[in-house]
Amino acid sequence: GYGIRGVCYRETGEPMNRLEGKTALVTGAARGLGARIAERFAEEGADVIINDLSLTAAEATAKRLGGRAVAADVSDSASVGGMFESVATMTDHIDILVNNAGISGIEGDNDAQERIRLRAEALASGAEPAEALTGGILDVTDQKWRRMLAVHMDGTFYCCRGAVPLMPDGGAIINLCSIMGTFGRGAGVAYCAAKAGILGFTRALAHELAPRNIRVNGIAPGWIRTDMTEPMAPLHPFLEAQTPMGRLGQPDDIAWCAVYLASQEANFMTGQTLSPNGGWYMSQ
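Residues numbered from 1 in each chain as written. Predicted model: local features only at pLDDT ≥ 70, side-chain atom pairs only at ≥ 80, totals over all residues. Heavy atoms only, no water.

Participant: Which residues make up the pattern of salt bridges, and what are the values?
Facilitator: Overall, the coordinates contain 13 salt bridges when judged by the stated rule. Ionic pairing is found between D169 and R212, a salt bridge with its closest N-O pair at 3.0 Å. With D169 in the loop between α5 (142-163) and β5 (172-176) and R212 in the loop between α7 (189-209) and β6 (215-219), the pair connects residues that are 43 residues apart, well separated along the chain. You can call D169 exposed: its relative accessible area is 55%. Note that R225 is salt-bridged to E240, the shortest N-O span being 2.6 Å. Of this pair, R225 sits in the loop between β6 and α8 (236-242) while E240 sits in helix α8, and the two are 15 residues apart along the sequence. Judged by its relative accessible area of 34%, R225 falls in the partly exposed class. (Salt bridge = Lys/Arg side-chain N within 4 Å of Asp/Glu carboxyl O. Helix = DSSP H or I, 4+ residues; strand = E, 2+ residues; numbered from the N terminus. Buried < 20%, exposed > 50% of the residue type's maximum accessible area, 1.4 Å probe, protein only.)

Below is the structure:
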């Protein structure tokens, strides 16, 4: 059965320990989805290594979960290389890699909140003022485009390349994609392109590593309440109205999906993308 906080228990009241004896590295895990995934992994018996850009933030989460911490900018090849050198001093193997680190693209964008407000007003009135259409391709600079692909695509590639030599046969890689990568959406071309690229990369790497029984899968979340989506709060009522289940998702909706993909329950799953989205995809 399922006990408090959704943790799965045997009839004896003991946790299932589906990841007992496994070592898991989760990127971008100081907070948000990454932190919740790491928390559920730890509850299921995994030894978690928390990565984040800030070592202080990673250490705080690792201390709470009884894990360890490493810092790296996943968009930088040398930084990722240094991270795996550090990881190799902590453990001789990584059983699970979760490529979670990501950005929305509006970090530090002082105009983003105003664009979101205008968009919400347009949706509420049924109009589509020109001001609400800003933030599209004409506003994507070379720097913004490269940064988006660097964090998501390059970061996923660098971390997979670094982890595979430490990964025993039977390991699991989980790449965080997005429903925006499977569906696409205006005013988010860079983000959608980066996440769609991860989908293709996931399938290709699954083929490549299948002979070693290393499974590679993706999770494409729908709209989830996190720090990253909080700036879009004015749009949340409209997103909820578009979602058949009538709500935005919670971090646990993604974390439990990651637990499943990391566990032996999913030992015949590879090259797949699971998309917890409350039915949002059906309503588009």
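Now that the structure is up, let's keep going.
Participant: Give a detailed account of the sheet that holds strand β3 (residues 68-71), specifying residues and quantitative values.
Facilitator: Read from one edge of the open sheet, seven strands run β3-β2-β1-β4-β5-β6-β7, paired in parallel fashion. Of all strands in the sheet, those with a lone pairing partner are β3 and β7 (273-274), marking the two edges. Here five bridges tie β5 to β6, and the two strands are oriented parallel to one another. Pairing of A172 across the sheet is with R215, part of β6. Lying over the sheet, helix α3 (residues 77-90) contacts β1 (23-26), β2 (47-52) and β3, oriented at roughly 160 degrees with respect to β3. Across the face of the sheet, α5 comes into contact with β4 (96-99) and β5 while running at roughly 170 degrees to β4. (Pairing = 2+ DSSP bridges. Contact = heavy atoms within 4.5 Å. Axes fitted to C-alpha atoms, helices over the stretch in contact; angles between N-to-C directions.)

Participant: If you had to explain the packing of aromatic side chains to someone new, which residues and values would you point to?
Facilitator: This structure, assessed with the given rule, holds five aromatic pairs. Aromatic rings pair up to connect F183, W223, W280 and Y281 into one cluster. (Phe/Tyr/Trp six-rings, centres within 6.5 Å; stacked < 30°, edge-to-face > 60°.)

Participant: Outline the side chain of H236, supporting the account with residue identities and numerical values.
Facilitator: Relative to the helices and strands, H236 is located in helix α8. Overall, the relative accessible area of 5% leaves H236 in the buried class. For H236, the side chain forms a polar contact with the side chain of R225, separated by 3.3 Å. In this structure H236 touches R225, T229 and L248, once residues within four positions along its chain are discounted. (Polar contact = N/O pair within 3.5 Å; in protein donor to acceptor, adjacent residues only side chain to side chain.)

Participant: Go over unusual backbone geometry, please, and point to the residues and values.
Facilitator: Although it is not a glycine, N17 sits at a positive phi angle of roughly 55 degrees. Along the chain, N17 falls in the segment before β1. The exposure class assigned to N17 is partly exposed, which follows from its relative accessible area of 27%. Non-glycine residue N213 carries a positive phi angle of around 60 degrees. Its location among the elements puts N213 in the loop between α7 and β6.

Participant: Just give me the short version of the nonpolar core, but keep the residues and values in it.
Facilitator: In this structure, L25, M83, F84, L97 and I173 are the most contacted members of the largest nonpolar core, which totals 40 residues. Elements that contribute at least two residues to this core include exactly α3, α5, α6 (179-183) and α7. Dropping the residues within four chain positions of it, M83 is found in contact with L25, N51, V70, A71, A72 and C159. V26, I219, I254 and A258 belong to the second-largest nonpolar core, a separate cluster that totals 30 residues. (Core = buried A, V, L, I, M, F, W, Y, C linked by side-chain atoms within 4.5 Å.)

Participant: Account for helix α9 (residues 251-262), with residues named and values stated.
Facilitator: One turn of an α-helix holds 3.6 residues; hence residues three or four places apart share an orientation. Under the 1.5 Å per step criterion, the end-to-end length of α9 is 17 Å for 12 residues, consistent within 8% with the ideal 16 Å. With nine of 12 residues buried, α9 lies mostly within the body of the structure. Along α9, the residues that are buried comprise P251, D252, I254, A255, C257, A258, V259, L261 and A262. Contacts made by the buried residues of α9 are with α1 (32-43), β4, β5, β6 and β7. (Expected span 1.5 Å × (residues − 1).)

Participant: Got a sec to walk through the side chain of N277? Specific residues and values, please.
Facilitator: Mapped onto the elements, N277 comes out in the segment after β7. Engagement of the side chain of N277 in a polar contact is seen with the backbone nitrogen of W280, the distance being 3.0 Å. Non-local contacts of N277, meaning those with residues more than four positions away in its chain, are made with I179, G222 and T243.

Participant: Can you lay out the pairing of β6 for me, pointing to particular residues and giving the numbers?
Facilitator: Along a regular strand, successive side chains alternate from one face of the sheet to the other. Burial runs high along β6: five of the five residues are buried. Here β6 shows a buried face lined by R215, N217 and I219 and a second buried face lined by V216 and G218. Where β6 lies against β7, two bridges are found, and the strand directions are parallel. Of the residues in β7, the one forming a bridge with G218 is T273.

Participant: Which residues make up the packing of α1 against α9, and what values do they have?
Facilitator: At their nearest, the axes of α1 and α9 sit 8 Å apart, and the two run at 50 degrees to each other. Taken together, α1 and α9 sit at an angle that is classed as oblique. You can see that α1 and α9 cross each other, and the crossing is right-handed. Every residue of α9 that contacts α1 at L33, R36, I37, R40 and F41 is listed here: P251, D252, I254, A255, W256, A258, V259 and A262. (Parallel < 35°, antiparallel > 145°, perpendicular 65-115°, else oblique. Left-handed = near helix turned anticlockwise from the far one by under 90°.)

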